[in-house]
Amino acid sequence: MLSGRRLDLLDPSPLDVEIDDIAHGLARVARWNGQTVGPHAFSVAQHCLVVEEIVRRLKPGIDARWRLAALLHDAPEYVIGDMISPFKSALGLDYRAFEDRLERAIHIRFGLPPKPPAEIKRLIKEADRISAYFEAVELAGFSVAEAIAVFGRPPKIPPPKMEPWAPAEAQGSIFGGGIFGGRPKTAIASATENPASSTASK
């Protein structure tokens, strides 16, 4: 990782998860394998921001930690990239277990439960599906009928803005801009705060 952390992909430690690595990686991972309109790809970082926004619209006043969970819902993709759901299913349980281990490490790093409550997971999944619908129609060339067939009809909420950002803008926005008052607080000291915290650093 550019931070100097050395994440063990088979046994990831929360100590080796750095917010800068997540923001940098997600801003450079393209949704829809890059098959979207515009001069820039629609990044996973921007998608995560949209999902967090939709969660707030679906459940006004939701606790900030569950907003953070929404923002981090695709965070493992900073390591493994964005993979379409049918391919994930084809890879089977080993891939799911790998993804789950990364997600647990990331959640622990930022003070979230390793597995959010089922109600929160359902809410984030719904917001993820709604975001995918709007991305499909506005960016990925789907007709409304095609998008409804795949993702279902979205609820009547103001459609999120779907103008793809440059990587630097997406990277700076995902955690630097104020929805949590800046960078999210971590539950575990980083290497710069506690150099002896992990043997897997530089």
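Residues numbered from 1 in each chain as written. Predicted model: local features only at pLDDT ≥ 70, side-chain atom pairs only at ≥ 80, totals over all residues. Heavy atoms only, no water.

**Overview of the side chain of His47**
For step 1, the next point in the chain: By the element assignment, His47 lies in helix α2 (residues 44–58).
For step 2, the next point in the chain: For His47, a relative accessible area of 0% corresponds to the buried category.
For step 3, the next point in the chain: Among the polar contacts listed, one links the side chain of His47 to the side chain of His73, at a separation of 3.2 Å.
For step 4, the next point in the chain: Of note is the side chain of His47, whose polar atom sits 3.4 Å from the side chain of Asp74. (Helix = DSSP H or I, 4+ residues; strand = E, 2+ residues; numbered from the N terminus. Buried < 20%, exposed > 50% of the residue type's maximum accessible area, 1.4 Å probe, protein only. Polar contact = N/O pair within 3.5 Å; in protein donor to acceptor, adjacent residues only side chain to side chain.)

**Thoughts on the nonpolar core**
For step 1, the next point in the chain: Ranked by size, the top nonpolar core spans 51 residues in total, and within it Val17, Ile22, Leu26, Val55, Ile106, Phe110 and Ile174 carry the most contacts.
For step 2, the next point in the chain: Elements represented by at least two residues in this core include exactly α1 (19–26), α2, α3 (64–71), α4 (77–80), α6 (93–109), α7 (118–138), α8 (144–151) and α9 (167–176).
For step 3, the next point in the chain: Considering every element that reaches this core, the biggest residue donor is α7, with 9 residues.
For step 4, the next point in the chain: Not counting the four nearest positions on each side in its chain, Val55 is found in contact with Ile62, Ala70, Leu123, Ile124 and Ala127. (Core = buried A, V, L, I, M, F, W, Y, C linked by side-chain atoms within 4.5 Å. Contact = heavy atoms within 4.5 Å.)

**Points about the confidence of the model for the chain**
For step 1, the next point in the chain: Mean pLDDT over the chain: 84, with 81% of residues reaching 70 or higher.
For step 2, the next point in the chain: Within the model, the stretch residues 177–186 combines pLDDT values under 50 with 21 contacts to residues more than four positions away or in other chains.
For step 3, the next point in the chain: Low confidence marks residues 189–202, where pLDDT is under 50. Its contacts with residues over four positions away, or in another chain, come to 25 contacts. (pLDDT = per-residue confidence, 0-100.)

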